[in-house]
Amino acid sequence: MKTKEDKKRFHKGEFSIQSIIMSVLSAVTIVTIVIMGFLLYHRFRQTMDKTAVSDTEATVESTVERINLAFLDIRHIFNAANYNVIQEFDISSQEFGKQFSLLYEINSDKIQSIALYGKDGKLIASEPVAMEKNNADVTSQSWYCNAESDIENIQFSLPHTQNLFRDGSFRFYRVISLSRSVDINDGERPGSGVLLVDIKCSVIEDVLRQINDSSDGVYYYVCNRDGEMIYHPRQSELSRGLFAEDSSPAAGYEDGVYEMPSGGSTEQVIVGSIAYTGWKLIGVIPQNRQTTSNDDLKYYIFITIIVLLMMLLGGNRIISKKISKPIRALDESVKAYEAGGKPDIYIGGSTEIRHLGHSVQKSYEQIEELMDEIIRQQNERRKSELAVLQNQINPHFLYNTLESITWMVEARKNDEAVLMITELAKLLRVSLSKGKTIIPIADELQHSRSYMNIQRARYKDSFKTEFQIDDEIKDYCIVKLVIQPILENAIYYGVGHMDEDDDGKIIVRGEKKGEDIYISIEDNGMGMPEDVLQNLLTDTNKVSKHGSGVGVINVHSRIRLMFGEKYGLSVESEPDEGTRVVIHIPAIPYTRENAEQLEKQPCRQWRKEDEKK
Amino acid sequence: MRKNKITFLVMELLLLILALFFVWKIFNQNVPEKRVAVVLPEAGDNRWDALIKGMKQSAKNNHIHLIICNTDEMESAEVEQEIIQEQRNNQIDAFLVWPASGSETEEMLKNECADVPVILIVENVYNEDEQEFSTFSEIGPDYYEMGALLARELGEDASKIGIVAGREESEASTSAVRGFSDTLEQMKGEIAWCYYQEEDCNVLDEIRARAPVDHLVVLDSRTLDRIGEQADNGELKNIRIFGIGYSVKSIAMLDYGKIDGLVAPDGYEIGYKSVEEMAKKLQHRFYKTKSVKTTIKMIRSDDLFQDEDIERFLYSYE
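What comes next is a walk through the structure.

Calculation rules
- Residues numbered from 1 in each chain as written.
- Chains lettered and ligands numbered in written order.
- Predicted model: local features only at pLDDT ≥ 70, side-chain atom pairs only at ≥ 80, totals over all residues.
- Heavy atoms only, no water.
- Helix = DSSP H or I, 4+ residues; strand = E, 2+ residues; numbered from the N terminus.
- Buried < 20%, exposed > 50% of the residue type's maximum accessible area, 1.4 Å probe, protein only.
- Lys, Arg positive; Asp, Glu negative; His and termini not counted.
- Salt bridge = Lys/Arg side-chain N within 4 Å of Asp/Glu carboxyl O.
- Contact = heavy atoms within 4.5 Å.
- Pairing = 2+ DSSP bridges.
- Axes fitted to C-alpha atoms, helices over the stretch in contact; angles between N-to-C directions.
- Buried area = accessible area lost by both parts, 1.4 Å probe.
- Nonpolar A, V, L, I, M, F, W, Y, C, P; charged D, E, K, R; others polar.
- Left-handed = near helix turned anticlockwise from the far one by under 90°.
- 1 Å grid on protein atoms, 1.4 Å probe; cavity = no way out; pocket = protein on both sides within 12 Å on 5 of 7 lines; lining within 4 Å.
- Points joined across faces, edges and corners; volume = space filled by probe spheres on them.
- Patch = residues over 30% accessible without salt bridge, like charges linked within 9 Å, V, L, I, M, F, W, Y side chains within 5 Å.
- Areas by Shrake-Rupley, 256 points an atom, 1.4 Å probe, with all protein chains shown as cover.
- Charge placed at Lys NZ, Arg CZ, Asp CG, Glu CD.

1. Comments concerning the side chain of arginine 317 of chain A
Its location among the elements puts arginine 317 of chain A in helix H8 (residues 287-338). For the buried arginine 317 of chain A, no salt bridge is present, and the opposite-charge side chain at shortest range is glutamate 12 of chain B, 8.5 Å distant.

2. Some words on the environment of isoleucine 299 of chain B
All names here are of chain B. With respect to the helices, strands and loops of the structure, isoleucine 299 is situated in strand E12 (residues 296-299). Put simply, isoleucine 299 and aspartate 309 are 10 residues apart on the chain and 9.5 Å apart in space, counted from C-alpha to C-alpha. Once you skip the residues sitting within four places of it in the chain, isoleucine 299 turns out to touch Ile251, Leu254, Gly261, Leu262, Ala264, Leu304 and Ile310.

3. Thoughts on the sheet that holds E12 of chain B
Residue and element names in this part refer to chain B. The sheet built from 6 strands is open, its strands ordered E7-E6-E8-E9-E10-E12 with mixed pairing. The strands lining the two open edges of the sheet, one partner per strand, are strand E7 (191-197) and E12. Ignoring strand direction, the axes of neighbouring strands in this sheet form an average angle of 15°. Pairing analysis gives 4 bridges linking strand E10 (residues 261-265) to E12, with the strands arranged antiparallel. Bridging from a neighbouring strand, proline 265 pairs with isoleucine 296 of E12. Most of the contacts of helix H9 (residues 248-255) go to E10, to which it runs at about 155°, and overall it touches E10 and E12.

4. Here we look at unusual backbone geometry
Residues and elements named next belong to chain A. In this structure, proline 128 follows glutamate 127 across a cis peptide bond, with omega equal to -5°. Backbone geometry places aspartate 576, a non-glycine residue, at a positive phi of 65°. Within the secondary structure layout, aspartate 576 lies in the loop between strand E19 (568-574) and strand E20 (578-586). Residue classification places aspartate 576 among the exposed positions, given a relative accessible area of 68%.

5. Comments concerning the interface of chain A and chain B
Think of interface size as the accessible area that goes away when the parts come together; that is how it is often given. Counting residues at the interface gives 46 residues for chain A, matched by 44 residues for chain B. When the two sides are added together, the surface that chain A and chain B hide from each other amounts to roughly 3900 Å², 63% of it contributed by carbon and sulfur. Connecting chain A to chain B are 2 salt bridges. By residue number, the principal contributor to the side of chain A that touches chain B is H8 of chain A, which donates 13 residues. In terms of residue class, the side of chain A that touches chain B is made up of 16 nonpolar, 15 polar and 15 charged.

6. Some points on the packing of helix H2 (residues 49-62) of chain B against helix H10 (residues 267-283) of chain B
Residues and elements named next belong to chain B. Close contact between H2 and H10 brings their axes to 6 Å; oriented N to C, the two are set at 30°. Our pair here, H2 against H10, has a crossing hand that is right-handed. Here Ala50, Leu51, Lys53, Gly54, Met55, Gln57, Ser58, Ala59, Asn61 and Asn62 of H2 come into contact with H10, specifically with Gly267, Tyr268, Ile270, Gly271, Tyr272, Ser274, Val275, Glu276, Ala279 and Gln283. A breakdown of the residues in the contact of H2 with H10 according to their chemical character gives 9 nonpolar, 9 polar and 2 charged.

7. Focus on the pairing of strand E8 (residues 189-200) of chain A
All names here are of chain A. Alignment of strand E1 (residues 111-118) against E8, held across 7 bridges, turns out to be antiparallel. Looking at the pairing, leucine 116 lines up with leucine 195 of E8. Between the antiparallel neighbours strand E7 (residues 174-186) and E8 lie 2 residues, among them glycine 187 with a positive phi of about 70°.

8. With respect to empty space enclosed by the protein
Residues and elements named next belong to chain A. Evaluation of the coordinates by the stated rule reveals 2 cavities of 30 Å³ or more. Roughly 100 Å³ of volume is contained in the largest cavity. Along its surface, the largest cavity is lined by Ile486, Asn489, Ala490, Tyr493, Gly494, Ile521, Asp523, Met528, Leu536, Val552, Thr579 and Val581. When contributions to the lining of the largest cavity are tallied by element, the ones reaching two or more residues are helix H13 (483-495), strand E18 (516-523) and E20.

9. Re a positive patch on the surface
A cluster of like positive charges, contributed by Lys321, Lys322 and Lys325 of chain A together with Arg2 and Lys5 of chain B, occupies part of the molecular surface. Sorting the residues of the positive patch by element identifies H8 of chain A together with helix H1 (2-28) of chain B as the ones contributing at least two each. The dominant element in the positive patch, judged by the number of residues it contributes, is H8 of chain A, at 3 residues. Note on lysine 5 of chain B: relative accessible area 47%, which makes it partly exposed.

Rendered as C-alpha cells:
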C-alpha cells in the first residue's frame, strides 16, 4: 500500500534510489545502444551500397568485355567475308559461293544471314539462301543508307526486325545489321556493293538476359548515345508505357558510377561503353532494391537492439537492486525506529553502507542513553520538588503549635499542653513516615485528626470537626499530607474566625466510587469569592499568608504529579455558605510493592497516561 | 518497489512485443508467392506467346507464381470445369480463365470458383441475352470494335463478304460479328454469309460449300492462321482475306501477302494487366477487380516495317 507520505514524495518528484539508479542506467543503455545501432546500420548500409556498386561495376565491366569480344568476333567474320571472300573471288565464280556459304555455316550460331548487294540494291548473294521479299526495298533501309554514306567503316544498326527474306517459317528475326560498302569483282569489271552481316540479337541479348536474371534487384540495359533503347529487360513494358526508364542522362555519361534522380529518390547507375558502336551498357541499382535490403538490415538491427535492451534492462534492474538493497534495508530500519519501534539498525552491504549503519546505530544508542538520563534526571527533579513541597509544611505550623503549647504551659494548662504535645508527636510521626511519600489513607486521616485536635485546642473549640470515613478506603494509597492543607484552609478561610455560637463545622468524608477514591473536606464558613475560587488551583504565585503556608495548589500539584492529570482537587464554594474541596485519587491498595512502585516511577506513569490521552 | 517491478515488466513486455513484430516483419517478407492458375485452350499454341510473356513479366513484378495449365482444346464448359477442379486440388489462390464457349460457362465458374478470385482473359463469358453483363471482370480486347475496324478497313467497295467466325456460343465471335455487321451496314456493304464454326468441322470445306465471295473476314485467330496458309491455293486465291489474329504467324502471313489486313489485339497487354489486376486482388482482399479493354491494332502489309508499334508487337512474341 502506498502511504500518504510516499504519494507526497512522488508528487514532489522524489524517487527511490533504485528508481534513480535504474533510470540512469536505462537512459545510458538506451542512448548507447541506439547510437551504436544507428552507427552500425549506417556502416552496414554504406558497405552494402558499396558492395552493390562494386558488384554492378564488375558485372558491367565483364559484360562490356563479353559484348566487345562478341562484336570483335563479328567484325572478324565481317572482315573475313570482305577481304577473304568478296575481294578474293569473282562473285560469279563457284568458289565465291562456296566460301560465302562456308563462312556462314561456320558462324551460323551468331549470324542470321550474310548478304551482298550491288550498287543498285540488287541482291548478289546471300546465305542462307532464301527468297527475297518482293516489297523489301533495301536501298531505303537504314543499314544500306549508312553503308553508302560512310564507306570507310563498318556500320552497326540498332536492333530491328529483319525485312529481307521470306523463308516460309512465318517468323520474324530481330537482328543487328553490320554493313559496309565493299569492292567486288564481277568478272573483269571491278565494282562496289554493300556487304550486310545480320547478327542475331540473341548474341548480346542472351548475355544481358543472363546477367539480368541472376542480378538481385539490379538491372542492366543498353542504349545508344542518344538514349535510344537497344535492350532493356522490360522492353515490352517500356514500349507500352507500363514502365518508365529515362536513359538520356545516363547515355551522355562517360564510364563510371553516377547518382541519378528517379521518382523523387536517387538511384545509382554504372555506365560502361561498348566498343565499335558507342553503345552504353548501364547497370541500375534502383532505390527500391536498396530499400528492400536496407529494410531487412533495419529489422535485424532493431531486433538486436531490442533483445540487447531487454537483457541490459534486466541486468540494470539486478544491479540497481543489488546497490539499493542495503540502502533500502537501512532506510526501512530507520523508518521503523522513527515510527516508535525498536528494531536493530540494518548493518550490511558495502563498506560505506555498513559504516553508515554503524553510525546510525551508535547515534540511536546515544540518543536512547540521553533520553534515559533525561528521564532519570526529571524523576529526580520531581522527587525533589515533592520533597520541597512536603517540607513546606513544617516550619510555620510547628512554630504556631509550639507557641500555643508555650502559651498553655504559661497558663498552667498542663493537661491541654500534654494533649497538644501528644497530637503534635503523632502528626510529626506521620509527616516523617520514614521519608515515604505514599502512605495508607488511614495514616493520612490520623495525621488530619491530630492536626485538627491541635487546631481546635488553639481555636478553643470554636468549631467542630467530624470524620465520616468508609472503612474500606483506609488501606488504599494516598500522597501524604494532602488533607491537612485543605483543613488548614477550611480553618483559616472558613470556620476559624467564626464565633462559638456560629456553630462552625468541618466535615471530612471519604468513600470509594468504582476505581477511584473521593475524600471531601466541607466547611460551613464564609466561603470564597468567585475570583479566588477560579485562581485557587491555577495561580501558583498565590501563597497563603496563614497556616502552614502550603496552598491548596500544592496539594493539587502533588496529587497530579503522583497519579496523573485526571486526578487532583476540585473546589466548590458559595460565599456565606461554605466551601467543599474534594480530593480525587485512584484506588490503589496500599501494599509495599505498590507504594515502592509509586515512589519510584510516578513521573513515568504520569507520562504514559498523557500519551494514552 | 512494486511500482518499479510493474514498470520493469511492462517495459520488458513492450520490448518483447516490438521484437516479435520485427521478427514477423522479417518472416512476412518471405511469404510464399500466391499461386495463380491460367486456363487457356491449347496453352502451348504460339498465339498465346505474347500473352504468356506479358503474364510472366507481370507475375515477376508482382511476386505471383503462375501455373499455366497444360490444356488441349476446350470445347465446352465441362472440359474447363475438369481443369479447374484439378487445379482447385493444387492449392490455387486465383484463376485467370479463358471462358469456354457456351452459356453454361458462367454458372460453372460461379460454382467452381465461388471462394477464389477469377478474372476472365481474352474474352468474356457468353450470354444469350446481349444486354446482360457478366459478373466477372474481363481483361481483353473489344471484339465489337475489332469487327468494326475490319469493316472500316474493307471500305465502301467491299461486296460479297463471307464471314468465318469462331464458335457461335462465344462472346468474342458474336461481338466481333455484330461489330462488323453494324459498321458494314452503315457503309452499305453486303454480307453474303456468316459461318460460325462447329466442333470437328473443316473450315475450308465449309467455305467451298458456300457462295463465292470477294472478301473473306476471319474473326477467329486460329482459323485465320489455317486459312492464311492455304491463301495461295484453289478457291481462296482470288479472295482478299482480312481477320483477327493473335499470333506472329498471322503478322508474318500479312507480311508474305497471304492476308490483306489484320486486326491484332495486344496479347502482352492482356497477359500483363490480367496478372497485375489479380495481384491487386490477392494483396487487398476487398479490392474489386476491374474490367480492362486492351489495345488493338490495325496492321496493314504496306506499313508493317514503317510503324514502330508493329515492332513493339513483334518484340512481344519473341
